Amino acid sequence: MTNLTFIGHSAFYIENPQCGILIDPFISQNPLAKFDAAGKKITDIIVTHGHGDHLGDAVPLSKKTGAPISAMVELANWCAAQGANANPVQMGGLLSYSWGKLRFVPAFHSSSTPDGKYAGMPTGVILEIDGKKIYHCGDTCLNSEMKVIGEVYKPDIMLAPIGSHYTMDIDDAVIAAEWTGVKTVVPMHYNTFPQVKANPEILKDKLKNKDIECLILKPGETIPV
Ligand code: NI
Ligand code: MN
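Here goes a summary of the coordinates provided. Throughout, a residue's number is its position along its own chain's written sequence, starting from 1. As they are written, the chains are lettered A onward and the ligands numbered 1 onward, keeping that order. Totals for whole chains, interfaces and linings use every residue, but because this is a predicted model, local features are given only for residues with pLDDT of at least 70 and side-chain atom pairs only at 80 or more, for both listing and counting. Side-chain calculation: all heavy atoms of the structure are included, whereas hydrogens and water are not.

Comments concerning the layout of surface pockets
Operational definition: A pocket, in this scheme, is an open set of points on a 1 Å grid over the protein atoms alone with protein on both sides within 12 Å along at least 5 of 7 lines, while a cavity is a set where a 1.4 Å probe fits but cannot get out; residues line either one if an atom lies within 4 Å of a point. Grid points are joined across faces, edges and corners, and a volume is the space filled by probe spheres set on the points. Any residue outside Ala, Val, Leu, Ile, Met, Phe, Trp, Tyr, Cys, Pro, Asp, Glu, Lys and Arg is labelled polar, Gly included; the first ten of those are nonpolar and the last four are charged.
Approximately 210 Å³ is the volume found for the largest pocket. What lines the largest pocket is a set of 13 residues, and nearest its centre among them are Phe6, Tyr190, Asn191, Leu217 and Pro219. Here the lining of the largest pocket is built from residues that sort into seven nonpolar, five polar and one charged.

Things to note about the coordination of the nickel ion (ligand 1)
Each donor-metal-donor angle would ideally measure 109.5 degrees in four-coordinate tetrahedral geometry, or 90 or 180 degrees in six-coordinate octahedral geometry. For clarity, the threshold we go by: Metal sites are built from N, O and S donor atoms within 2.8 Å, or 3.2 Å for Na, K and Ca, and they leave out water, so they may look incomplete. In these descriptions, tetrahedral denotes four donors with every angle between 85 and 135 degrees, square planar four donors and octahedral six donors with opposite donors over 155 degrees apart and the rest between 65 and 115, and irregular any other case. Put simply, DSSP marks the helices as runs of H or I at least four residues long and the strands as runs of E at least two long, and each gets a number from the N terminus on. In this scheme, a residue with accessible area under 20% of its type's maximum is buried, one over 50% is exposed, and one in between is partly exposed, where area comes from a 1.4 Å probe on protein chains only.
Every protein donor of the nickel ion (ligand 1) is accounted for by His49 (NE2), His51 (ND1), His109 (NE2) and Asp139 (OD), and the metal-donor separations fall at 2.2 to 2.3 Å. For the nickel ion (ligand 1), the four donor atoms are set out with angles of 90 to 177° between them, so the coordination reads as irregular. When the donors of the nickel ion (ligand 1) are listed by position in the chain, the intervening gaps give H-x1-H-x57-H-x29-D. In this structure, the nickel ion (ligand 1) lies 3.3 Å away from the manganese ion (ligand 2), the two metals sharing Asp139 as a donor. Of this pair, His109 sits in the loop between strand 8 (100-106) and strand 9 (123-129) while Asp139 sits in the loop between strand 10 (132-136) and helix 4 (145-153), and the two are 30 residues apart along the sequence. For His109, a relative accessible area of 27% puts it in the partly exposed group. Note on Asp139: relative accessible area 2%, which makes it buried.

Here we look at the sheet that holds strand 3 (residues 19-23)
We apply this condition: What makes two strands pair is DSSP finding at least two bridges between them. Interaxial angle, 0 to 180 degrees, is taken between N-to-C directions of lines fitted to C-alpha atoms, where a helix line uses only the stretch in contact. Contacts are residue-level and defined by heavy atoms, with any inter-residue pair within 4.5 Å sufficient.
One open sheet accounts for seven strands, arranged 6-5-4-3-2-1-14; its pairing is mixed. This sheet does not close on itself; its edge strands, each paired only once, are strand 6 (86-89) and strand 14 (222-224). When the angles between neighbouring strand axes are averaged without regard to direction, this sheet yields 20°. Pairing analysis gives two bridges linking strand 4 (residues 44-46) to strand 5 (residues 69-72), with the strands arranged parallel. Bridging from a neighbouring strand, Ile45 pairs with Ile69 of strand 5. Against the sheet, helix 3 (residues 73-81) touches strand 5 and strand 6, its axis set at about 135° to strand 5.

Describing the coordination of the manganese ion (ligand 2)
Note on the manganese ion (ligand 2): its protein donors are Asp53 (OD), His54 (NE2), Asp139 (OD) and His189 (NE2). The metal-donor distances range over 2.1 to 2.2 Å. Considered as a linear motif, the donors of the manganese ion (ligand 2) on their single chain read D-H-x84-D-x49-H. The exposure class of His54 is buried, given its relative accessible area of 0%. Under the relative-accessibility criterion, His189 is labelled buried at 1%.

Focus: the packing of aromatic side chains
Definition in use: Classification of ring pairs uses Phe, Tyr and Trp, with its six-membered ring standing for Trp, and accepts pairs whose centres are within 6.5 Å; under 30 degrees between planes counts as stacked, over 60 as edge-to-face, and the remaining range as tilted.
A full pass over the atoms with the stated rule returns four aromatic pairs. Relative to Phe12, the ring of Phe6 has its centre 5.2 Å away and its plane inclined at 45°; by these criteria the two rings are tilted. We note that Phe6, like Phe12, is buried. Measuring from centroid to centroid gives 6.4 Å for Phe26 and Phe193, while their planes differ by 50°, and the two rings are tilted.

Some points on the sheet that holds strand 7 (residues 94-97)
Strands sit in the order 7-8-9-10-11-12-13 across an open sheet of seven strands; the sheet is mixed. Both edges of this open sheet fall to strand 7 and strand 13 (213-214), since each of them pairs with a single strand only. In the packing of helix 5 (residues 170-180) onto the sheet, the strands contacted are strand 10, strand 11 (157-161) and strand 12 (184-188), and the crossing angle to strand 11 comes to about 155°.

Some remarks on the packing of helix 5 against helix 6 (residues 200-208)
The criterion, for reference: We call a crossing left-handed when the near helix sits turned anticlockwise from the far one by less than a right angle, and right-handed when that turn is clockwise.
One way to put it is that helix 5 packs onto helix 6 with a least axis distance of 10 Å and a crossing angle of 35°. Seen from above, helix 5 lies across helix 6 with right-handed handedness. On helix 6, the residues that touch Ile170, Asp171, Ala173, Val174 and Ala177 of helix 5 are Ile202, Leu203, Lys206 and Leu207. Per-class residue counts for the contact of helix 5 with helix 6 are seven nonpolar, no polar and two charged.

Focus: the pattern of salt bridges
Quick reminder of the rule: Think of a salt bridge as a Lys or Arg side-chain nitrogen and an Asp or Glu carboxyl oxygen that are within 4 Å of each other.
Per the counting criterion, the structure on display carries four salt bridges. Lys183 serves as the salt-bridge partner of Asp156, at 2.7 Å between the closest nitrogen and oxygen. Placement of the pair is Asp156 in the loop between helix 4 and strand 11 and Lys183 in the loop between helix 5 and strand 12, with a sequence separation of 27 residues. Accessibility expressed as a relative area gives 53% for Lys183, which makes it exposed.

A word on helix 2 (residues 58-65)
Rule in force here: Throughout, the arc means that of the directions going from the helix axis to the C-beta atoms.
Buried within helix 2 we find Ala58, Val59, Leu61 and Ser62. Burial along helix 2 is one-sided: seen end-on, the buried residues are contained in an arc of 165°. Along its buried surface, helix 2 packs onto strand 3, strand 4, helix 1 (52-55), strand 5 and helix 3. Note on helix 2: the residue one or two positions beyond its end, Gly66, has a positive phi of about 85°.

As structure tokens, then:
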């Protein structure tokens, strides 16, 4: 039994008896986030790119728990220089963890560290856990790599940014859902800042027309995957 919790923005917590995985843990600086890291098992931290609304509390949480931060080489090395436990990776490799597999995939965006250094390429990730494939898109525009992801990796669930301005908007997220062939979409990266306002109910209606499920999660809400 694996649970997926939406923390807020693009931050998620995935937990089962083997693991507690944080993705893009933007928590303490997001007043809308709902997650008390103190009471949680944290075995792994995954960061899609270096922007503050994704890197978030990764470094302090890694220092506190010892959980490794898996991220692109440049970003992971920067985290290591801050004292974190880091696992530098690159896109394409199928990485093995105690809880399953992880693959970093392309995202079309930018990526820099909080002090303005190059943080490697931005990414999305596909987690294989408990028989499911969860695709967290990171920050990205609609892009044709998603067709490859659909054809080759066949994810079940897509955690998709819909806020526009910095990422896909709702219409592009619908196309991304079709291209990746997912059965379920969980919208993210919206309504955190004025620039990323979006109504997820519109996404839900548009996906319904394509027979794709849309789960709109409130910060702090948990679903089984
Ligand atoms: Ni970003
Ligand atoms: Mn972002």
